[in-house]
Structure formats: C-alpha cells, structure tokens
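# Residue-level structure breakdown
Next come the chains, spelled out residue by residue.
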Amino acid sequence: MPPSLAVNGVTLTLLYLGVMLILAKLLEESFSRIRLVPFVGAVVAGVVLGNGVLGFVKVNSIIQFISLLGITLLLFLSGAEEFEVGRGSLNARVTAAAAVELALPFTLIYLSLRALNVSITPLLAIPLIMTSVGPLARLLMDINLSRTELGNMLFRQGALVEVASVVAFAILVTVRLGGSLLTLIGIAVLIAAIFTVGRWVSRALEWVEGYVKAREVEFAAAIFLVLVISFLAEAVNFNPAMAALFLGILLRDYLKDRPELLEKLHGFTYGFFEPLFFVSIGLYFVRLSPDLLMTSLLIALILLSSKVAAGALASMVVGGSPIINGLGTSTKGGVDVSLLLALLTTGLITRLTYSYLTLAITVNSVVTPLLVRTVVKPTTGVNPLIRVKLNNNVMSISEYAKPLTVTCSDNLRIVIDRMVERGVRAVVVVNSEGKPLGYLTMQQLLEIDPATYGMTPACDLPLNELTTVTTKARIIDVLRRFRGFEDPVIGVVNDDGVLVATIYERELLRLLITV
C-alpha cells in the first residue's frame, strides 16, 4: 500500500466500527419491518462482515473492549428494566413451574446432544435452557398480552428461569476457571454488598444530583458505578457483565423515578454499544459450512421442542393453555447469547462450538415469536371498520381507553408508576367521585426532586386543565381536539361528569391503524 494510503490498526478500526454500526442498524430496521427479532439483523451483519462470510472485519483489542462495554451496559439495563417485580410477585406455583422449565430442558438437551456426539457440558447447557425475558416482554407487547394475567404469568416464569440460570452460570464459570472457595466467598460478598448497600448507593446518587451542578452529572455517576462494579467483579474473578446485571436490579427503582436519565442511558447503550455488541457476536463465527448449518438447525429443533415441552408441562401447575405456556416460555436471544460470548472470550469453548450454539439460539429467537403470533390471538384488537369510519362513537374504543387516574391523596411515586405502567406521559387526577380535576405530566415530575416523590401528594403540584368530551362524541371529534389543543390526554365523561375513559393520542392512532 502506498505510504499516503497507509493506515494503522487504530485508524482501520474506526472504519470497522463505522461499517459495523450502520450495517447493524440497517439490518435491524429491515428485520423489524418484516416482524422479525431486530437483534438478529445485527448478528447477521457480524457473520457477513467477519470470518463467517467476507472476512472484512478483524476482531482486535479495541473491538473486544467495545464489545465488553456493550454487554456490560446491556445487562445493566436488562437488570433495571426486565426483572420488573411490578409484573406480579412470585409464588409457589411460579417457582414450581420455573423448576420444571429448568430441569426438563436441561435433561433433554444434555442427553440428546451427548447421544449425537455434540460437545456439551452442564455449564454450556445453561445458556441453552434459559428463557430470555427481554424478547418475551417485547413479544407480549406485540400481541397485546403485556397487561393481562396470562402475560404476567408468562413473564414471572421467564424472569425466574433467567435469574436462576444467570446465578448458576456465574457459579459454574468461577469453578471452571479454577476459582477457590475463597473466590466464591469473595463473589458472594460482592453480590451481597451490591444489594445490601442499595439504598446508600441511591442516596449517594441523589446527593450528587443535589450538590454537583456539572452538566449530565447523573448520567456520568450512573456510568461510573457500572464501570467500578465491573472492575471490582473482575478483581474477584467474577464476570463483570453479571455484576452489572445485579447492579441494574439494585438501581431499578432509582432509574424508574428518573425516566429522563433512563432515556439517556437507552440512547448511549442502544444507539451505539448494543448494536456493536450484537455485531461482534457474529464476528466470532467460524466460516459457515453445510455441516455447521445442519448441526445448528438440529440443535435449534432439540432446543425448541424441549423448551415447549417443559412449558406445556409447567402449565399443569400455573394453569392456562399448554401450547401458549410452552411457546411463551421458549423465547431466546438476549442474555443467553451474551453468556455464550462470555464463555468464548474466557477460553472455555471453541469458536466452532460457539458458532453452532449461537446460531441455534438465533434460529429459535426468530422462529418462536412467529409461532406465538400464529397460535395466540391478540386479546385486544380493533374492528377494521374503525380505520375508515371516524364517525364512530368514541365509546366504541372504550375497551382500549380505560381510565388512567390518580387521586389528590396519591403521592408522586404512585403517579409516575401509573404513567410508566401504561407507557404514557400524563395522568388524570380525579376527586373522590371520579370527576376529573386536571392532569399532571411527566415534565412536571422531572422538575421535582425524586427524593420527595413518596411524600408529595399529587395535588401539591399545579394541575393542568383537562380537555374533555362527552360519551356522545365521535372519534373524529377527539382527533380534532388533539390537533387544536395539543394536550397529551383527553378525558371522556358521562352525563354526571364522571371520567369513563382516558384517550392518549398515540394510543388512538395505534388503534386506528390496527387491522
């Protein structure tokens, strides 16, 4: 190469990262448009760019470092958002179901792969048997089950299976890496410390918010904690990404009260690090071959059938349809893939083993949602005529616009919980008779010290005037009100002035385009 065109390794890595990032986003968008799991597009990009097909991108220390940051931040947010206790408490039935969904797939997968002379160990089986609740949560929202008892039951089972798998994986990895009893004790102390000092960590972050006025200090403090915990985990031979997961669980309530901070962490992680991490998953593949593809498809079939069978059996404990419970608890493509990459980077598996197991999980992450959408009929839907008959009465959509309210005596923590639960940015305040007094917005809450949420009644804040319509109004009337007043929410009141529905513009538009 002529001197004028010569580039060093660092400069070339900039090109690699740029190509990886844009191709990942383009393929994620393509997969989303055909209703497939988006992250698979990024993995495909990595396979194509890496040794699997073109061999264009070479994995180096910089890409490895960014991949490590990606998995660490991704698991931190997974802990903060996926393991949501608000979806319902665990009970004996859920625990028993989760035990079945761990034990049966482990036995079937382990014995089946051993019979096929495929290299398998108990440690390697854990990523295969676990349920990924991130894709499960997105799937439940897609089929309108996220706020139903069925959706809650599926999520609780998946969350417990994933948490148990992560803990078992962390212990087994430590043992395989030669960790002594002292090392295991050190890891236990670190995890215990993460949860024990939880309230002090939150208070420290609140103190930083109150006394340090530098720009984006809350964001910097959160990233600081993630990096420090990762360093301490590495110091005691514990997986830093797993430590970040536990830290996310610890700070879940703190971040939930700060949607603006959470949104910045989303942009930082999902806009840059997460797509590069999933691309790096594909970069580690060996060159694709017919034998590799056949092995992966066979493992994917064994994996899916064992998970569905276990979920179907568990439905005898938790109730419900065996096929829905079986498919719903079989979602893959999240933390499980991250664990396989952790095994590869620590030298516990070969690239060949990593390639066919990761490909098998990727296949399942695509197939399972398609099967669920085929079997499960959404519990909510809109008559297609609504799309063209905007003159329909507004109460025709009341089933999908149930009142979202708080009272004057409810504190701001309850207010923000209601908003987050429904995914909106305003909530209506009503009196004891159910008549609307006004509404509060997310922006108003962001201007209040989160430390005071639990002691501040809703009516201590100035209420915005609520635009209302009667039960005789038409859908087109509501749309015109949104356009004319630019309010985030419109209330529907009956003849007595009692609120009977709350309509949000985004929800209304979603209903109008739903077939």
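Here the structure is a predicted model, which is why all the values come from computation and not from measurement.

For the rest of this paragraph, the subject is the overall build of the protein. Along its length, the protein carries 21 helices and 6 strands. Here the protein, with 515 residues, has 50% of them falling under the buried criterion. Residue pairs at least 24 apart in sequence account for 72% of intrachain contacts in the protein once pairs closer than 6 positions are excluded. Counting only carbon and sulfur atoms, one obtains 63% of the accessible surface of the protein, whose full area is about 23500 Å².

Okay, a nonpolar patch on the surface next. A cluster of nonpolar residues, Leu12, Leu15, Val53, Leu54, Phe56, Leu288 and Leu293, forms a patch on the protein surface that exposes about 560 Å² of accessible area. Checked against the element boundaries, Leu293 lands in helix H14 (residues 290–318). For Leu293, a relative accessible area of 38% gives the class partly exposed.

Alternating residues of strand E4 (residues 467–470) divide into Thr467 and Val469, all buried, and Thr468 and Thr470, none buried. With helix H20 (residues 475–485) bridging E4 and the parallel strand E5 (residues 489–493), this β-α-β connection has right-handed handedness.

Our focus in this paragraph is the state of the cysteines. Counted according to the given criterion, the structure contains 1 disulfide. Paired by a disulfide, Cys408 and Cys459 hold their sulfur atoms 1.9 Å apart. Torsion about the S-S bond of the Cys408 and Cys459 cystine: about -60°, corresponding to left-handed handedness. With Cys408 in the loop between strand E1 (405–407) and helix H18 (412–422) and Cys459 in the loop between helix H19 (442–446) and E4, this pair connects stretches of sequence that are 51 residues apart. Accessibility expressed as a relative area gives 28% for Cys408, which makes it partly exposed.

Our next topic: the environment of Val212. Following the sequence through the fold, Val212 ends up in the loop between helix H9 (198–211) and helix H10 (217–235). Judged by its relative accessible area of 30%, Val212 falls in the partly exposed class. Here Val212 is in contact with Trp207 and Val217, once residues within four sequence places are set aside.

Moving on, we get to the environment of Leu352. With respect to the helices and strands, the residue Leu352 is situated in helix H17 (residues 351–375). Residues Leu352 and Val286, 66 residues apart in the sequence, show an inter-C-alpha distance of 6.1 Å.

One finds Met20, Phe76, Leu251, Leu255, Leu343 and Tyr354 to be the most contacted residues of the largest nonpolar core, which totals 97 residues. Not counting the four nearest positions on each side in its chain, Leu255 is found in contact with Phe76, Ala80, Leu261, Leu262 and Leu265. Counting residues in each nonpolar core, the second largest holds 24 residues, with Leu404, Val424, Val428 and Leu466 among its members.

This part takes up the sheet that holds strand E6 (residues 499–504). Pairing in this open sheet of 3 strands is mixed, and the strands run E4-E5-E6 from one edge to the other. Among the strands making up the open sheet, the edge pair consists of E4 and E6. For this sheet, the mean inter-axis angle between neighbouring strands, taken without regard to orientation, is 30°. Where E4 meets E5, 4 bridges bridge the pair, whose relative direction is parallel. Paired with Thr470 across the bridge in E5 is Val493. Its contacts with the sheet place H20 against E4, E5 and E6, and it is angled at close to 165° to E4.

Moving on, we get to the sheet that holds strand E3 (residues 436–441). One open sheet accounts for 3 strands, arranged E1-E2-E3; its pairing is mixed. Edge positions in the sheet fall to E1 and E3, since each has one partner strand and no second. The average undirected angle you get between the axes of adjacent strands in this sheet is 35°. Relative to strand E2 (residues 426–430), E1 runs parallel, the two sharing 3 bridges. Bridging from a neighbouring strand, Thr407 pairs with Val430 of E2.

Glancing now at the pattern of salt bridges. Per the stated rule, a full pass over the model turns up 6 salt bridges. One salt bridge connects Asp477 with Arg480, and the closest N-O pair in it is separated by 4.0 Å. Taken together, the positions of Asp477 and Arg480, both in helix H20 and 3 residues apart, correspond to about one turn of that helix. Owing to a relative accessible area of 46%, Arg480 belongs among the partly exposed residues under this scheme. Through salt bridges with shared partners, a single ionic network connects Arg474, Asp477 and Arg480.

Aromatic rings in a pair are described by how distant their centres are and how their planes are angled relative to each other. Summed over the entire model, instances satisfying the criterion amount to 9 aromatic pairs. Judged by centre distance (4.9 Å) and plane angle (85°), the rings of Phe272 and Phe273 are edge-to-face. By relative accessible area, which is 31% here, Phe272 ends up partly exposed. Ring geometry for Tyr284 versus Tyr354: centroids 6.3 Å apart, planes at 80°, classification edge-to-face. Within this pair, whereas Tyr284 is found in the loop between helix H13 (259–283) and H14, its partner Tyr354 is found in helix H17, the two being separated by 70 residues in sequence. Accessibility classification places Tyr284 together with Tyr354 in one group, the buried group. Members of the aromatic cluster, connected to one another through ring pairs, are Phe219, Phe268, Phe272 and Phe273.

Turning our eyes to something else, we now look at the pairing of E5. Counting buried residues in E5 gives 5 out of 5 residues, a clear majority hidden from the surface. By the alternation rule, side chains of E5 split into Val489, Gly491 and Val493 and Ile490 and Val492, which are all buried. Pairing analysis gives 5 bridges linking E5 to E6, with the strands arranged antiparallel. Note that in E6 the partner of Val493 across the bridge is Leu499.

Rules of the game
- Residues numbered from 1 in each chain as written.
- Predicted model: local features only at pLDDT ≥ 70, side-chain atom pairs only at ≥ 80, totals over all residues.
- Heavy atoms only, no water.
- Helix = DSSP H or I, 4+ residues; strand = E, 2+ residues; numbered from the N terminus.
- Buried < 20%, exposed > 50% of the residue type's maximum accessible area, 1.4 Å probe, protein only.
- Contact = heavy atoms within 4.5 Å.
- Areas by Shrake-Rupley, 256 points an atom, 1.4 Å probe, with all protein chains shown as cover.
- Patch = residues over 30% accessible without salt bridge, like charges linked within 9 Å, V, L, I, M, F, W, Y side chains within 5 Å.
- Salt bridge = Lys/Arg side-chain N within 4 Å of Asp/Glu carboxyl O.
- Right-handed = clockwise from strand over helix to strand, strands pointing away.
- Disulfide = S-S within 2.5 Å.
- Core = buried A, V, L, I, M, F, W, Y, C linked by side-chain atoms within 4.5 Å.
- Pairing = 2+ DSSP bridges.
- Axes fitted to C-alpha atoms, helices over the stretch in contact; angles between N-to-C directions.
- Phe/Tyr/Trp six-rings, centres within 6.5 Å; stacked < 30°, edge-to-face > 60°.

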